[in-house]
Amino acid sequence: MSIEKAKVRMARYSTTKTRVLQLDPRDNVLVALTDLGKGERISFLKKDYVLSADVPAKHKFVTADVAAGGEIIMYGVLVGKATEALRPGDLLSTRNLRHAAAEFHETEKVGRAWTPPDVSAWRTKTFAGYHRADGQVGSRNYWIVLPLVFCENRNLAVLKQAFEEELGFAAPQVYRRQVAEMVRLYRERKNDELQSFSFTALQPGAPSLRVFRNVDGIKFLMHEGGCGGTREDANNLCGLLAGYIHHPNVAGATVLSLGCQNAQISILQEQITRRDPHLNKPLLIFEQQKSPSEAAMISRAIRETFLGLVEADKAERKPAPLSNLTLGLKCGGSDGFSGLSANPAIGHTADLLVVLGGRGILSEFPELCGVEQELIDRCMRIEVADRFVKLMRDYAARAKAVRSGFEMNPSPGNIRDGLLTDAMKSAGAAKKGGTSPVTAVLDYPEYSSEPGLNLQCTPGNDVECVTAQVAAGANVVLFTTGLGTPTGNPIAPVLKISTNSGLAGRMPDIIDIDAGSIISGKTTIEQMGEVILDRVIQVASGEARTKAEILAQDDFIPWKRGVSL
């Protein structure tokens, strides 16, 4: 069955009042949409199944006899093998299921036929963005300050305190006020009031008045790399930082270097040139070992950065076609509903944007395990498919070399919520990429330049992946979660989409969109994907801020591939 037909089937069943869901006619499992009890008789497609154990929502039970070593099929693909004989109605668990994934191979047939979605409702729509000299369009206007090595982190912190507080970018000091109030009670010996003190009684203070109206902020990309690792790590770090400097959401950058580290200024400049031979934005570089003193370097950096901010404030938002949007497609804190609701929903959003000439970046190579052949067959060109095959095999070999493997990817939280094997997790995670052709494959930390769906080699780690997607040019990130994660990024808005309505109700401070209505049958995957695209346009235009932005969730972790030396 084609992905398009399977997707329609999934949407159809998710709109019924059934308590279980079959994702593909080839599957020999059913997914529980609500808690099911031991001994319950479940009817589905004219067949009855008596449950041999409680089946929590998001978990699965088998629908046919499966011998020990037999295949478990879900989403129409192999997601594991039984470690013992199973009967219809038996609950799948880590005790009776082990990871197994289908093999993949090179192909000579690429460019599979695709029926694109109707995008007539968005053809004439635009977003209000910041137009850069190189033709890119940003959804935000930031100045960034970054160290080439961890030795400069203290100096970075000094600049951060000075700039954020004086320019009005610092978040309201709500928790500082809480401590101050408790100090007052302690000094007044009001122990009873201190014991029962409630922070919820405090209201956030008014934000400071911003000095620069058109600058969204000054961001500080602190990290622990730059020296002591392999030369590959140093080159990759410089490439990652070059991606942030080149990014359309960045108006200019201040770079702090010690001088003797592996990540040299010359490497950073070479990496910038690869992405933009004619960089037309301010790049201020300060090297401590060539400065008369630390204080002199910091004072000069402050003066020149401030003058750069004055210039950055002259930028204004102007209409831009949606083809200038690049979406990072990410999931984290996934659950058993991720592949049924939020993931395919943002996959549809990506399909819509691809037809409009934009880009989607699907990453997390360990979470594409078992669906490689599907993606290979979607590649537009042989060289694109071959590169994907090579990067996947190299990544798997690196994992094995350190006594690990993709089968160890699911976290305890994933497993508790029904994602029992890496292949099962991957089959749902891949839905974030929609159904469109694959136009490019990026190694870390390359920059995206090809419209369409790009595959990017990154780990599944939430922050490492989002950090890399933004370094590749994502100016908005769509992040699905079933368990809840606050992940954000310093320069790109991260929209958090919940896979279930329970999460949206429990953690409203981090969730932007609730896709749980797909599970309840109130909304189809396609309808939710359209809602998400409309929200993307609002956020990219600066009309709305994401919850991660409001919380100042500025997560930034470069991926370190090598060992420390």
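Parameters at a glance
Residues numbered from 1 in each chain as written. Predicted model: local features only at pLDDT ≥ 70, side-chain atom pairs only at ≥ 80, totals over all residues. Heavy atoms only, no water. Helix = DSSP H or I, 4+ residues; strand = E, 2+ residues; numbered from the N terminus. Buried < 20%, exposed > 50% of the residue type's maximum accessible area, 1.4 Å probe, protein only. Contact = heavy atoms within 4.5 Å. Areas by Shrake-Rupley, 256 points an atom, 1.4 Å probe, with all protein chains shown as cover. Lys, Arg positive; Asp, Glu negative; His and termini not counted. Charge placed at Lys NZ, Arg CZ, Asp CG, Glu CD. Pairing = 2+ DSSP bridges. Expected span 1.5 Å × (residues − 1). Polar contact = N/O pair within 3.5 Å; in protein donor to acceptor, adjacent residues only side chain to side chain. Axes fitted to C-alpha atoms, helices over the stretch in contact; angles between N-to-C directions. Parallel < 35°, antiparallel > 145°, perpendicular 65-115°, else oblique. Left-handed = near helix turned anticlockwise from the far one by under 90°. Phe/Tyr/Trp six-rings, centres within 6.5 Å; stacked < 30°, edge-to-face > 60°. 1 Å grid on protein atoms, 1.4 Å probe; cavity = no way out; pocket = protein on both sides within 12 Å on 5 of 7 lines; lining within 4 Å. Points joined across faces, edges and corners; volume = space filled by probe spheres on them. Nonpolar A, V, L, I, M, F, W, Y, C, P; charged D, E, K, R; others polar. Disulfide = S-S within 2.5 Å. Patch = residues over 30% accessible without salt bridge, like charges linked within 9 Å, V, L, I, M, F, W, Y side chains within 5 Å. Salt bridge = Lys/Arg side-chain N within 4 Å of Asp/Glu carboxyl O.

## With respect to the overall build of the protein chain
Part 1 of the argument: Of the regular secondary structure elements, the protein chain holds 17 helices and 22 strands.
Part 2 of the argument: Taken over the C-alpha atoms alone, the protein chain extends approximately 80 × 70 × 55 Å along its principal axes.
Part 3 of the argument: Counting over 565 residues, the protein chain shows a buried share of 57%.
Part 4 of the argument: Of all intrachain contacts in the protein chain linking residues separated by at least 6 positions in sequence, the fraction that spans at least 24 positions is 73%.
Part 5 of the argument: Looking at the protein chain as shown, the accessible area adds up to about 23800 Å², and 52% of this sits on carbon and sulfur atoms.
Part 6 of the argument: Within the protein chain, one finds 66 positive and 64 negative side-chain charges whose respective centroids are separated by 2 Å.

## Let's talk about the pairing of strand 3 (residues 41-44)
Part 1 of the argument: Alternating positions in strand 3 separate cleanly, Ile 42 and Phe 44 being buried on one face and Arg 41 and Ser 43 remaining unburied on the opposite face.
Part 2 of the argument: Of the strand pairs in this sheet, strand 3 and strand 4 (residues 47-50) are connected by four bridges, and their pairing is antiparallel. Across the sheet, the residue bridging to Ile 42 is Tyr 49, located in strand 4.
Part 3 of the argument: Between the end of strand 3 and the start of strand 4, which pair antiparallel, lie two residues, with Leu 45 showing a positive phi angle near 50°.

## Section: helix 16 (residues 525-540)
Part 1 of the argument: The end-to-end C-alpha distance of helix 16, which contains 16 residues, comes to 22 Å, matching closely the 22 Å that a straight helix rising 1.5 Å per residue would cover.
Part 2 of the argument: Taken from the residues just after helix 16, Gly 542 is the one with a positive phi, measuring 80°.

## Quick look at the environment of Lys 314
Part 1 of the argument: Structurally, Lys 314 is set in the loop between helix 7 (294-312) and strand 15 (318-321).
Part 2 of the argument: Assessed through its relative accessible area of 56%, Lys 314 is described here as exposed.
Part 3 of the argument: A distance of 3.0 Å separates a polar atom in the side chain of Lys 314 from a polar atom in the side chain of Glu 311.

## Overview of the sheet that holds strand 8 (residues 97-98)
Part 1 of the argument: Strand order across the open sheet formed by three strands is 6-7-8, with antiparallel pairing between neighbours. The open sheet has two free edges, formed respectively by strand 6 (71-74) and strand 8, since each of these has just one partner strand.
Part 2 of the argument: Across two bridges, strand 7 (residues 77-82) lies against strand 8 in antiparallel orientation. Across the sheet, the residue bridging to Lys 81 is Arg 98, located in strand 8.
Part 3 of the argument: Against the sheet, helix 12 (residues 422-429) touches strand 6, strand 7 and strand 8, its axis set at about 160° to strand 7.

## Some thoughts on the packing of helix 2 (residues 153-167) against helix 7
Part 1 of the argument: Closest axis-to-axis distance for the helix 2/helix 7 pair is 11 Å, and the angle between their directions is 40°. Considering the angle they form, helix 2 stands oblique to helix 7. Crossing of helix 2 against helix 7: the hand is right-handed. The residues of helix 7 that touch helix 2, namely those facing Arg 154, Asn 155, Val 158, Leu 159, Phe 163 and Leu 167, are Glu 294, Met 297, Ile 298, Ile 302, Thr 305, Phe 306 and Leu 309.

## A word on the packing of aromatic side chains
Part 1 of the argument: A full pass over the atoms with the stated rule returns seven aromatic pairs.
Part 2 of the argument: With centroids separated by 5.1 Å and ring planes inclined at 65°, the aromatic side chains of Tyr 444 and Trp 559 adopt a geometry described as edge-to-face. With Tyr 444 in the loop between strand 18 (438-442) and strand 19 (452-456) and Trp 559 in the segment after helix 17 (547-550), the pair connects residues that are 115 residues apart, well separated along the chain. We note that Tyr 444, like Trp 559, is buried.
Part 3 of the argument: A network of ring pairs unites the aromatic residues Tyr 395, Phe 406, Tyr 444 and Trp 559 as a single cluster.

## Section: the layout of surface pockets
Part 1 of the argument: By volume, the largest pocket is sized at about 950 Å³.
Part 2 of the argument: Lining the largest pocket are 38 residues; nearest its centre among them are Phe 169, Lys 219, Arg 545, Glu 549 and Ala 552.
Part 3 of the argument: Elements supplying a minimum of two residues to the lining of the largest pocket: helix 2, strand 12 (217-220) and helix 17.
Part 4 of the argument: Its residues assigned to classes, the lining of the largest pocket shows 19 nonpolar, eight polar and eleven charged.

## Describing the state of the cysteines
Part 1 of the argument: Under the criterion given, the structure shown has zero disulfides.
Part 2 of the argument: The thiol of Cys 238 is unpaired, and the distance to the nearest cysteine sulfur, on Cys 227, comes to 11 Å.
Part 3 of the argument: Its sulfur unpaired, Cys 379 is 14 Å from the next cysteine sulfur, which belongs to Cys 457.

## Quick word on the side chain of Gln 271
Part 1 of the argument: By the element assignment, Gln 271 lies in helix 6 (residues 265-275).
Part 2 of the argument: Setting aside its immediate chain neighbours within four residues, Gln 271 contacts Asn 235, Cys 238, Gly 239 and Ala 242.

## Some points on the sheet that holds strand 2 (residues 29-32)
Part 1 of the argument: The sheet built from three strands is open, its strands ordered 1-2-5 with antiparallel pairing. Only two strands of the sheet have a single neighbouring strand rather than two, namely strand 1 (20-21) and strand 5 (60-62).
Part 2 of the argument: Both strand 2 and strand 5 contribute to a ladder of three bridges, which runs antiparallel. For Val 31, the partnering residue across the bridge sits in strand 5 and is Lys 60.

## With respect to a nonpolar patch on the surface
Part 1 of the argument: On the surface, a cluster of nonpolar side chains totalling about 250 Å² of accessible area is made up of Phe 306, Leu 307 and Val 310.
Part 2 of the argument: Along the polypeptide, Val 310 turns up in helix 7.

## Notes on unusual backbone geometry
Part 1 of the argument: With omega at 0°, the peptide bond leading from Tyr 444 into Pro 445 counts as cis.
Part 2 of the argument: Positive phi values are uncommon outside glycine, yet Lys 46 reaches one of about 70°.
Part 3 of the argument: If you trace the backbone, Lys 46 turns up in the loop between strand 3 and strand 4.
Part 4 of the argument: Not every positive phi belongs to a glycine, and Ala 552 is a case in point at roughly 55°.
Part 5 of the argument: Here Ala 552 shows up in the segment after helix 17.
Part 6 of the argument: The partly exposed category is assigned to Ala 552, whose relative accessible area is 40%.

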